[in-house]
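# Topology and contacts: notes
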Amino acid sequence: MATENKVPASQSGSWTSFLKSIASYNGDLASLTAPPFILSPVSLTEYSKFWAESTSEFVAPTLEQDPEQRFLKVVRWFIGTLREQYCSRNEKLGSEKKPLNPFLGEVFTGYWDNAEYGRTVLVSEQVSHHPPVTGYAIWNDDNKVQLQGYNGIKASLSTSAISVRQYGHAVLTLDSFGGEKYLITLPALHIEGILFGSPYVELEGKSFIQSTSGYKATIEYSGKGYFSGKKNTFKAKITPEGKPNDTLYTISGQWSGVSKIKDAKGKSTTFLDSKDVVVNQLQVKPTEEQSELESRRAWASVADAITQGNYELIHQEKSKLEVEQRVFRKREERDGKTWPRRWFAQTLVKDEPWYEQLSEKAGVVAGASASSSSSNAVKADRNTDTNWRFDRTLYEQNVIKADKNDTSKPDEIFNYVVELRNEDPVAGELDDDKGSLVPGTA
Ligand code: HC3
């Protein structure tokens, strides 16, 4: 693991300040100001793409007729996404980076075209800023498969690492099988290597996949070779409904590399080599054709400043966005308005019996933003707890308008932004500029 100091000499002062700020950490990772070398020019809204970068793995379950084999295909697709989700920055950029913290209403969209499987569409929207929550939906109509979900993080500090618990979940729906659903909970993680300026992610604890067809996967993660002496290891147990001790299959190995599957008779074969999973490039429209609320256009100046490693410019450009967001929130508060979500809406837990049932079978607490096992004391209330759900009708209605001169398609949300901008200023709306930046950090 990383023991070599990777902090550029020119940024060692600001890295030391950053380490000090971690010591007085208040629970909000986004508020930690970090020097440019650790910043990513990519917004968290883009991370939703990691769920479906391999079209063939994403559609594989829907092409399988046998429910048990179908479940295994879902597990295989899920395990195959982890490498890109959790170690692609490390592999491509040398360490984990601090992503851009999306603003409320920020959207990111794209698609993958595949000669055999058709088009897979991705939409991602920042549905909450405090706490930060990103909603996403990915679908392939030709193969009647849809994934949707939302996630946020809760971080805490331990001696040398930052522990991150994810809340939210993903739901895979297969319409070819009567809307068969798979509830997918999200693993906890910790960020190691911070002291040396070389953060990397390790997964920990358990996550679950529970299907309406009755199968359950309990996936246990370990970073430091607890299971096999290798990094990024996991062990998954597949059990049928109501028979937690009747293990049908055990899958184990590295989620970033090779894993094996063993059936109940002890026969073992290769399950997956994550390095062989084909990563298809997401198609995103050119920045100049995007709306002001789309990630790459909204963050373009900040991203340029990060790429240049220009301290002052990063701060200056980020501040412009942050100040406008603060002004918007103050004006909304004064006028009793709420930011209109574009494609997602909150649904009460009690109104989704399928979700309550799957959570119960998975052994996780329904609602209460939990991805944890029920042994954790999380208070849940089905009458008040909500989940963010994608609404295809909202999606069809709420187009993103890139060209302001295009009057054929009203973009209600963009019009709302224009309204907010034109509102009378709230007294003192610019007074609380945090100004908390350590020189040379963002
Ligand atoms: C914790 C994390 C932000 C969240 C990232 C999530 C959980 C987002 C949803 C994806 O589906 C999965 C995923 C993968 C990686 C997670 C990131 C790893 C590091 C980043 C922190 C905010 C960065 C902190 C960097 C530091 C310590 C320098 O400030």
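Residues numbered from 1 in each chain as written. Predicted model: local features only at pLDDT ≥ 70, side-chain atom pairs only at ≥ 80, totals over all residues. Heavy atoms only, no water.

Its UniProt record gives the protein chain a comment under Sequence similarities (unreviewed entry), which states: "Belongs to the OSBP family." (UniProt positions renumbered as here; feature names shortened; annotations may be inferred.)

### Considerations on the packing of aromatic side chains
One pass over the full model with this rule turns up 18 aromatic pairs. A ring pair is formed by Trp 15 and Phe 18, whose centres lie 4.8 Å apart and whose planes are at 35 degrees; its orientation type is tilted. Of this pair, Trp 15 and Phe 18 both sit in helix α1 (residues 12-23), three residues apart, which is roughly one turn of that helix. Residue Trp 15 is classed as buried on the basis of its relative accessible area, which comes to 3%. Here Phe 18 falls in the buried class, since its relative accessible area comes to 8%. (Phe/Tyr/Trp six-rings, centres within 6.5 Å; stacked < 30°, edge-to-face > 60°. Helix = DSSP H or I, 4+ residues; strand = E, 2+ residues; numbered from the N terminus. Buried < 20%, exposed > 50% of the residue type's maximum accessible area, 1.4 Å probe, protein only.)

### A closer look at the site of the ligand
As a matter of local geometry, the ligand sits amid 15 residues, with Phe 18, Leu 29, Gln 85, Arg 89 and Asn 151 nearest to it. Taking Gln 85, its side chain carries an N or O atom lying 2.6 Å from an oxygen atom of the ligand. For the ligand, whose unbound accessible area comes to 620 Å², protein coverage reaches 97%. For the shell around the ligand, the secondary structure elements donating two or more residues are α3 (67-93) and β7 (162-174). (Near = heavy atom within 4 Å. Polar contact = N/O pair within 3.5 Å; in protein donor to acceptor, adjacent residues only side chain to side chain. Areas by Shrake-Rupley, 256 points an atom, 1.4 Å probe, with all protein chains shown as cover.)

### Considerations on the environment of Val 418
Within the fold, Val 418 resides in helix α9 (residues 412-422). Classification of Val 418 as partly exposed rests on a relative accessible area of 33%. Residues Val 418 and Gln 325, spaced 93 residues apart in sequence, show a C-alpha to C-alpha distance of 13 Å.

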